[in-house]
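# Architecture and fold: a report
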Amino acid sequence: MDWLRRLMAGRYGADQLTWALLGASILLTFLARLTHFGVLSMLGLVALVLCYLRIFSRNIQARRQENQKFLQLWWPLRRHLEEVATVARESRTHRHFRCPFCKKKVRVPRGRGKICITCPACHQEFLRKT
């Protein structure tokens, strides 16, 4: 393993963008095998090559900036996807409403009929059927 440590000395290594490129490469290759669409296979190969170029790059500052730009795009998307998954997971037990006054999300239990909901942020009350 010492040879690997010497090889990677002064190189950037893997980060979140590298892992995303690797995942995209695997996904594109899998889709290419299912659909027999060669362009997807080539795109998967390009993503894999970019992944390895980033890992072995010596321009650490440029790779960090690329990763920061990726994370600025990724985190809001990830938060939104996690929120959608939470709403779907809780759909049998809870309903989610937006406060008509401040637009904050409010979670209430299902099956209570028509109830008066008090927003925890602005303390306004509104009626909704659960």
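Residues numbered from 1 in each chain as written. Predicted model: local features only at pLDDT ≥ 70, side-chain atom pairs only at ≥ 80, totals over all residues. Heavy atoms only, no water.

Now for the overall build of the protein chain. When helices and strands are counted, the protein chain shows 4 helices and 4 strands. Along the protein chain, helices and strands appear, N-terminal first, in the series α-α-α-α-β-β-β-β. Here the C-alpha atoms of the protein chain give a radius of gyration of 23 Å, more than 25% beyond the 14 Å that 2.2 N^0.38 yields for 130 residues. In terms of overall dimensions, the protein chain has a C-alpha envelope of 65 × 40 × 25 Å along the principal axes. Out of the 130 residues belonging to the protein chain, those deemed buried represent 23%. Looking at the protein chain as shown, the accessible area adds up to about 9,800 Å², and 62% of this sits on carbon and sulfur atoms. Separation of charge centres in the protein chain, based on 24 positive and 7 negative side chains, amounts to 5 Å. (Helix = DSSP H or I, 4+ residues; strand = E, 2+ residues; numbered from the N terminus. Rg over C-alpha atoms; globule rule 2.2 N^0.38 Å. Buried < 20%, exposed > 50% of the residue type's maximum accessible area, 1.4 Å probe, protein only. Areas by Shrake-Rupley, 256 points an atom, 1.4 Å probe, with all protein chains shown as cover. Lys, Arg positive; Asp, Glu negative; His and termini not counted. Charge placed at Lys NZ, Arg CZ, Asp CG, Glu CD.)

The next subject is a nonpolar patch on the surface. On the surface, a cluster of nonpolar side chains totalling about 640 Å² of accessible area is made up of Met1, Trp3, Leu4, Leu7, Tyr52 and Phe56. Considering each element in turn, the nonpolar patch owes the most residues, 3 residues, to helix α1 (residues 2-8). (Patch = residues over 30% accessible without salt bridge, like charges linked within 9 Å, V, L, I, M, F, W, Y side chains within 5 Å. Salt bridge = Lys/Arg side-chain N within 4 Å of Asp/Glu carboxyl O.)

Here we take up helix α2 (residues 16-35). Here α2 is 20 residues long and its end C-alpha atoms lie 28 Å apart, about the 28 Å a rise of 1.5 Å per residue gives. The set of residues buried in α2 consists of Leu17, Thr18, Leu21, Ser25 and Ala32. Here the buried residues of α2 occupy an arc of 100° about the axis, which is enough to place them on one side. Exposed and facing more than 90 degrees away from the buried side of α2 are Trp19, Ile26, Arg33 and Leu34. Among the structural elements, α3 (38-55) and α4 (60-89) are those in contact with the buried residues of α2. Regarding α2, its N-cap is Asp15, as a side-chain oxygen of that residue lies 3.3 Å from the backbone nitrogen of Leu17 further along. Trailing α2 by a residue or two, His36 shows a phi angle of about 60°, which is positive. (Expected span 1.5 Å × (residues − 1). Arc of directions from axis to C-beta. Contact = heavy atoms within 4.5 Å. Polar contact = N/O pair within 3.5 Å; in protein donor to acceptor, adjacent residues only side chain to side chain.)

Fair warning: the whole summary comes from geometry, so function is off the table for now.
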